[in-house]
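# Reading the structure
Here is how the chains run, residue by residue.
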Amino acid sequence: MARMTGPTRATGRRRNVTDRTPDSDASALDALDRRTYLQAIGTAVVGSAVILLGSLHVYLVHRIHELNLNKINELMTRDELTRLFNLRAGQEALQREMERAERYQEAFAVLSIDLDNFKTVNDTLGHSAGDDLLVKVADTLKASSRRTDIPVRVGGDEFLMILPNTGIGGAVVLASRLIEHIRKLSVQEGEEVENQIPISASIGTAAFPDHGTDGEKLLQKVDKALYKAKNNGGSQYSLPQE
């Protein structure tokens, strides 16, 4: 019995160590293939994420740069209070319109607009009320004109309008409309209607090439027309003197 059990135990030990079946080998290969596959998937996902994040970073940097440039440009060309073009931007727009009109042999007009009693508003109601009035006038200029027209705040209570493809007749029509609309604006102290201050504007008109073939001469003519309107009592427009 002892000799029979010895070999049996040895044989059993060899089976425990060396017993491998095709199924177990296949399972091991499958597990290895799955790990390799999952590792490949993970590497691809990480690589795609890195590329995506890199592209997003480039886009954001470009967009921020673009927004900053737009903001800088706005600060350089827009009046802080009214958001109209400032004097510098208005001068550049006038030069561009002059060059365009010369190239295509077209007319354009300019209006010089000045409030008649703005000092009274500031002295009576304060500068805050004056600022509110300037914003109302700027809004009126934009609402009363075409999208192609260019309103400019020259400074203080003085404004300029550049009117592409417009002769002196069209300038007079717009000037009349602006005078009427500005008359409807009002500022007052408190809620008392009797403390209301009437608002009006004087406007000078001029057109290229009839009243000037360069920007300086055209502005001189429109300014003289403005002074004429103010000296005649205000709340009216005036044509340049021939």
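Refer to the structure above for everything that follows.
Conventions used here
- Residues numbered from 1 in each chain as written.
- Predicted model: local features only at pLDDT ≥ 70, side-chain atom pairs only at ≥ 80, totals over all residues.
- Heavy atoms only, no water.
- Helix = DSSP H or I, 4+ residues; strand = E, 2+ residues; numbered from the N terminus.
- Buried < 20%, exposed > 50% of the residue type's maximum accessible area, 1.4 Å probe, protein only.
- Contact = heavy atoms within 4.5 Å.
- Areas by Shrake-Rupley, 256 points an atom, 1.4 Å probe, with all protein chains shown as cover.
- 1 Å grid on protein atoms, 1.4 Å probe; cavity = no way out; pocket = protein on both sides within 12 Å on 5 of 7 lines; lining within 4 Å.
- Points joined across faces, edges and corners; volume = space filled by probe spheres on them.
- Nonpolar A, V, L, I, M, F, W, Y, C, P; charged D, E, K, R; others polar.
- Core = buried A, V, L, I, M, F, W, Y, C linked by side-chain atoms within 4.5 Å.
- Pairing = 2+ DSSP bridges.
- Axes fitted to C-alpha atoms, helices over the stretch in contact; angles between N-to-C directions.
- Patch = residues over 30% accessible without salt bridge, like charges linked within 9 Å, V, L, I, M, F, W, Y side chains within 5 Å.
- Salt bridge = Lys/Arg side-chain N within 4 Å of Asp/Glu carboxyl O.
- Lys, Arg positive; Asp, Glu negative; His and termini not counted.
- Charge placed at Lys NZ, Arg CZ, Asp CG, Glu CD.

The secondary structure content of the protein chain amounts to seven helices and seven strands. If you list the helices and strands of the protein chain from N to C, you get α-α-α-β-α-α-β-β-α-β-β-β-α-β. Expressed as a percentage of its 242 residues, the buried residues of the protein chain come to 33%. Within the protein chain, counting contacts between residues at least 6 apart in sequence, those at least 24 apart form 66% of the total. When the accessible area of the protein chain is evaluated, it comes to approximately 15500 Å², of which 55% is carbon and sulfur surface.

Looking now at the layout of surface pockets. Taken as a whole, the largest pocket spans an internal volume of roughly 190 Å³. Lining the largest pocket are Leu87, Gly90, Gln91, Leu94, Ser112, Val152, Val154, Glu158, Phe159, Leu160, Leu219 and Asp223. Looking at the lining of the largest pocket, the elements with two or more residues in it are helix H3 (87-104), strand E2 (150-155), strand E3 (158-164) and helix H7 (215-231). Take the lining of the largest pocket: its biggest share by element is four residues, from H3. Its residues assigned to classes, the lining of the largest pocket comprises seven nonpolar, three polar and two charged.

With that settled, the discussion passes to the nonpolar core. The biggest cluster of nonpolar side chains holds 29 residues, and the ones touching the most others in it are Leu111, Ile113, Leu115, Leu133, Val137, Leu141 and Ile182. Ala93, Ala101, Leu160 and Ile162 belong to the second-largest nonpolar core, a separate cluster that totals 14 residues.

In spatial order, the strands read E2-E3-E1-E6-E7; together these five strands make up an open sheet with mixed pairing. Both outer strands of the open sheet, E2 and strand E7 (237-238), are each paired with one neighbouring strand and no more. The strands touched by helix H6 (residues 168-183) within the sheet are strand E1 (108-115), E3, strand E6 (201-208) and E7, with E6 carrying the most contacts at an inclination of about 165°.

Take a negative patch on the surface next. On the surface, a cluster of negative charge is made up of Glu99, Glu102, Asp214 and Glu216. Its relative accessible area of 39% is what places Glu102 among the partly exposed residues.

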